[in-house]
Amino acid sequence: MSLKTPIQKEERRNLRVVYGACPHDCPDTCALETRVDESGRAVSVRGRPDHPVTRGWLCAKVNRYLERVYHPERLLYPLRRSGPKGSGQFTRISWDEAIAEIAERWKNISAQHGAEGILPYSYAGTLGLVQGGVTDSRFWNRLGASQLERSICGYAAEDAVLLTIGGRLAPAPEDLLHSKLILIWGSNPASTAPHVVPFLREAQRKGARIIVIDPIRTLTARSADQHIQPLPGTDAALALSMMYVMVTEGLHNAEWIAQHTVGWEQLRERIMQYPPERAAAITGLARETIVDLARAYATTSPAMLRISDGINRHTNGGQTVRTLVCLPALVGQYGVAGGGLMYSTSDWLKWNKAAVGHSQEAVCPPATRSLNMNRLGAILTGEADPSVYSLYVYNANPVASAPNAGKVVEGLQREDLFTVVHELFETDTARYADIILPATSQLEQVDLHKPYGHLSLQYNTPAIEPLGEARSNWDVMRALASAMGFEEPWLHMDADAIIQEVLEATAPQQPTLQGLTLERFKAEGSIPLTIPDHERVPFQDGVFRTPSKKVEFYSEQAVAKGYDPVPDWIPEVEARPEPLRPATKDELLPLLCPAAHHFISSTFANQQTLISKERTPTLRIHAEDAKARGIRSGQLVHVSNERGWCRLVAEISEDVRPGVLATTTVWWPKFSPDQRNINWTTSDRLADFNGGSTFYTNLVSVQPLEMNEPSTQEEPLGIFIPKNA
Ligand SMILES: Nc1nc2c(c(=O)[nH]1)N[C@H]1C(S)=C(S)[C@@H](COP(=O)(O)OP(=O)(O)OC[C@H]3O[C@@H](n4cnc5c(=O)[nH]c(N)nc54)[C@H](O)[C@@H]3O)O[C@H]1N2
Ligand SMILES: Nc1nc2c(c(=O)[nH]1)N[C@H]1C(S)=C(S)[C@@H](COP(=O)(O)OP(=O)(O)OC[C@H]3O[C@@H](n4cnc5c(=O)[nH]c(N)nc54)[C@H](O)[C@@H]3O)O[C@H]1N2
Ligand code: SF4
Ligand SMILES: [Mo]
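Residues numbered from 1 in each chain as written. Chains lettered and ligands numbered in written order. Predicted model: local features only at pLDDT ≥ 70, side-chain atom pairs only at ≥ 80, totals over all residues. Heavy atoms only, no water.

With an unreviewed UniProt entry as reference, the protein is termed Molybdopterin oxidoreductase, source organism Dictyobacter kobayashii. Taken directly from UniProt, the Cofactor (unreviewed entry) text for the protein runs: "Mo-bis(molybdopterin guanine dinucleotide)". You can read under Sequence similarities (unreviewed entry) in the UniProt record for the protein the words "Belongs to the prokaryotic molybdopterin-containing oxidoreductase family." (UniProt positions renumbered as here; feature names shortened; annotations may be inferred.)

**Student:** So what exactly am I meant to see when it comes to the pairing of strand E22 (residues 589–592) here?
**Tutor:** The side chains of a regular strand alternate between both faces of the sheet. Burial along E22 is two-sided: the residues Leu589 and Leu591 and Pro590 and Leu592 are all buried. Strand direction decides the pairing type here: E22 and strand E27 (residues 699–704), joined by two bridges, are antiparallel. Bridge pairing links leucine 589 to valine 700 in E27. The sheet contact formed by E22 and strand E26 (residues 661–662) spans two bridges and is parallel. Note that in E26 the partner of leucine 592 across the bridge is alanine 662. (Buried < 20%, exposed > 50% of the residue type's maximum accessible area, 1.4 Å probe, protein only. Helix = DSSP H or I, 4+ residues; strand = E, 2+ residues; numbered from the N terminus. Pairing = 2+ DSSP bridges.)

**Student:** In this structure, what is going on with the environment of asparagine 188? I would like to understand it.
**Tutor:** Here asparagine 188 is to be found in the loop between strand E8 (181–185) and helix H7 (189–192). Residues asparagine 188 and leucine 661 lie 473 residues apart in sequence; the distance between their C-alpha atoms is 17 Å. Excluding anything up to four places from it in sequence, asparagine 188 contacts Ala193, Thr218, Leu219 and Thr220. (Contact = heavy atoms within 4.5 Å.)

**Student:** For this particular structure, what's the right way to read the site of ligand 2?
**Tutor:** Around ligand 2 there are 33 residues in total, and Ser401, Glu423, Ser602, Thr603 and Tyr696 lie nearest to it. Between alanine 396 and ligand 2, the recorded distance is 3.3 Å, taken from a backbone N or O atom to an oxygen atom. Tyrosine 696 has a polar side-chain atom sitting 2.7 Å from an oxygen atom of ligand 2. Classifying every residue of the shell around ligand 2 by side-chain character gives 14 nonpolar, 15 polar and four charged. Looking at which domains feed residues into the shell around ligand 2, each of domain 1 (79–151 + 352–445 + 465–514) and domain 3 (589–704) supplies at least three. (Near = heavy atom within 4 Å. Polar contact = N/O pair within 3.5 Å; in protein donor to acceptor, adjacent residues only side chain to side chain. Nonpolar A, V, L, I, M, F, W, Y, C, P; charged D, E, K, R; others polar. Domains from an automatic or database assignment.)

**Student:** I keep staring at the environment of leucine 636 and nothing clicks. Help me out?
**Tutor:** Relative to the helices and strands, leucine 636 is located in strand E24 (residues 636–640). Taking the relative accessible area as the measure of exposure, leucine 636 reaches 2% and is therefore buried. C-alpha separation for the pair leucine 636 and proline 704, spaced 68 residues apart in sequence, amounts to 6.6 Å.

**Student:** Got a minute to help me understand the nonpolar core in this structure?
**Tutor:** Within soluble globular proteins, side chains that are nonpolar generally end up buried alongside one another. Counting residues in hydrophobic clusters, the biggest one holds 123 residues, and the most contacted among them are Trp106, Phe139 and Trp185. In terms of residue count, helix H10 (residues 235–248) provides more of this core than any other element does, 11 residues in total. Counting only domains with at least three residues in this core, you end up with domain 1 (79–151 + 352–445 + 465–514) and domain 2 (156–346 + 539–560). One finds Ala430, Leu592, Ala626 and Trp680 within the second-largest nonpolar core, a separate group that totals 54 residues. (Core = buried A, V, L, I, M, F, W, Y, C linked by side-chain atoms within 4.5 Å.)

**Student:** Even after reading the chapter, I still don't get the site of ligand 1, so can you show me in this structure?
**Tutor:** In the vicinity of ligand 1 lie 32 residues, with Thr192, Asp214, Asp235, Ser308 and Phe599 positioned nearest. Alone, ligand 1 offers 910 Å² of accessible surface; in the complex the protein occludes 96% of this. Taken together, the residues of the shell around ligand 1 break down into 14 nonpolar, 12 polar and six charged. Taken domain by domain, the makeup of the shell around ligand 1 includes at least three residues from each of domain 2 (156–346 + 539–560) and domain 3 (589–704). (Areas by Shrake-Rupley, 256 points an atom, 1.4 Å probe, with all protein chains shown as cover.)

**Student:** Got a minute to help me understand the UniProt feature "domain: 4Fe-4S Mo/W bis-MGD-type" (unreviewed entry) in the protein in this structure?
**Tutor:** According to UniProt, the "domain: 4Fe-4S Mo/W bis-MGD-type" (unreviewed entry) feature falls on residues 15–73. Secondary structure content for residues 15–73 is 8% helix and 31% strand, while the C-alpha to C-alpha distance between its ends is 27 Å.

**Student:** Help me understand the confidence of the model for the protein, please; the structure alone is not making it clear to me.
**Tutor:** One rule of thumb: low pLDDT means the predicted coordinates there are not for detailed reading. Considering every residue of the protein, the mean pLDDT works out to 96; 96% of them sit at 70 or more. In this model, residues 713–718 is a region of pLDDT below 50 whose contacts with residues beyond four sequence positions or in other chains number 15 contacts. (pLDDT = per-residue confidence, 0-100.)

Listed below in structure tokens is the structure:
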């Protein structure tokens, strides 16, 4: 019996350590170290101990990264469809054949319909500069393909934050240690930004109070000092009412407001429309809860407000986030160490856009139309004019993760649509491809990663050779450029040359990049942004990045965009008319479908160990609603609305209040009951701001399945699906 730990055992072997970056859509952007043996095989992936946020550990998902890299179902060769669309029948072809066929089809489409007939669809498979940002722009700009409005995640929130304070300048997670009150509003870091949690615990130990505002009793809510559970989509009313209490009790910071904001009179008028009695009726909270929350927030300093993108995925998500972003200004918390707003760190460094995309090159056709990715199903089934004749999907799995996914499938079945999917796995989306291309994992590619949850950059050195014939996103772009006859050098540079180019072009305008060179990244892997100590607290100088240089309670820019210039609460487009009355058995109920703990969107949801931990696609329902419908825990239920349906396993739970439902996402349809997931019911309606997504404004009917109505499918991949019979 050996008493040695795996790490000690590894240290005895002659292993090469390679520095990397977690590529996934997660604010933590962990610094990785991968150990590789003499045969070139990776034997472990760990978090770097010397990184200020990673601090030596990885989440439940990426701890299993080698299972992903060496998964027996990794795609290793290009494939061509050999059966009907969606049948999953493919035959192996060579890269030369695949690239030649794609180029020929695209040349024909360009000649007949214009290159706008081609739509690249991608999102957050990797957040790297090269395999994401540059891949998303350069080749497509040269081709003149339709552009993609990348609106599926946080577009409304981003707009709201920029309109109000002009920059996404969150402090580093370490700054939470200064906080005395941490208000976590519609954000679930215990699952979605796990490296924030140790800082929350430490802050609590130092006496900070944590309040979570979430309709669901999440993992984060469980470890908070207080959990406040409003009805979904009512947060703007809650925030305006908190302001009402502050103003009427004189707890707001009138001096700060006078100096640093515009539009106070207009906002004040709005605020006065939200006495706590009214907000209580809207949010379903007790009047005292609202008053106490307002007093606690206004009288504790430093007070940090943490939001993330979850809360913006409603039809009123833009105004909700704008209202929340005003809160720290009411009490003068912007510019206070440990206070203010913790949303995203994205704007501490902005890459030089021209260097990333080269859209200004004379050889590029004029700017093309932009298609909103939330409307993918509609686009493919007639909304786009001229039509889309070819879809090129990479870094994304829209059949699983896009709203109104049934419509996406309908579009992908079009015989006149030529679909290419570049993937690591045969996802539900890849099944509809005409050509599948095999993609490299993060251990097999070069990249540079800018985080959105902390203040260091991570370079990713490849640790192993590509598996099979897998190629990185950018390498495929280079091959396609050659096949299309595009010879410009900026379409053919290797990944390091691109990183060098973008760093050099960006550095002169961005002081945070001073001294951060490619050579240093290759040697050190992770480097903190260059931020002088006196600038580390965002907005400490009282200067905001809006046109007025102040917090804009009233926004002229909002007027120009056709929005209400002053924050307000607008009921969601789908909502129960009387949300506080007990629901009848046939009444539609709001369903939230936020992030699963063991997946990232649909990524990782094909790994058996992680599926087992997440167990099954469940519907959390309160006992009162279950009873009204005759639903038992563990029973398969039919969840539906006018957009579509899917089946989930009922879990009677106190995590939700009566009249509110919850599930977690994103399960692969092909591993779900009846090969559908919750996105068969979610809406592709756009949010109030910026064309954002509205996954969480979703009224559904829930009915128990008849005892003799079996699921149409064999039990897939070990997921627990109860047999009702
Ligand atoms: N484990 C894991 N980590 C992830 C992801 C994942 O899928 N899994 N996804 C990544 C991505 S793409 C993103 S964008 C981020 C998202 O990170 P988060 O924003 O933290 O995650 P979400 O689960 O989308 O939403 C957070 C919370 O908002 C709550 N919420 C929804 N609607 C409302 C509302 O109307 N009012 C209030 N008060 N709360 C509401 C939900 O119940 C949920 O608990 O996480 C990233 N990290
Ligand atoms: N019901 C519901 N749906 C949601 C959400 C929700 O909360 N509820 N959240 C939404 C949000 S916030 C987001 S951000 C979107 C995310 O939507 P998507 O960006 O589509 O995310 P995934 O579904 O994880 O698909 C990413 C795919 O990229 C692949 N990939 C990873 N790395 C690479 C690479 O280097 N090259 C290539 N070619 N492929 C790669 C992965 O294998 C994976 O299949 O989902 C949205 N969908
Ligand atoms: S998913 Fe997030 S927490 Fe997990 S390793 Fe990647 S960056 Fe870190
Ligand atoms: Mo997202």
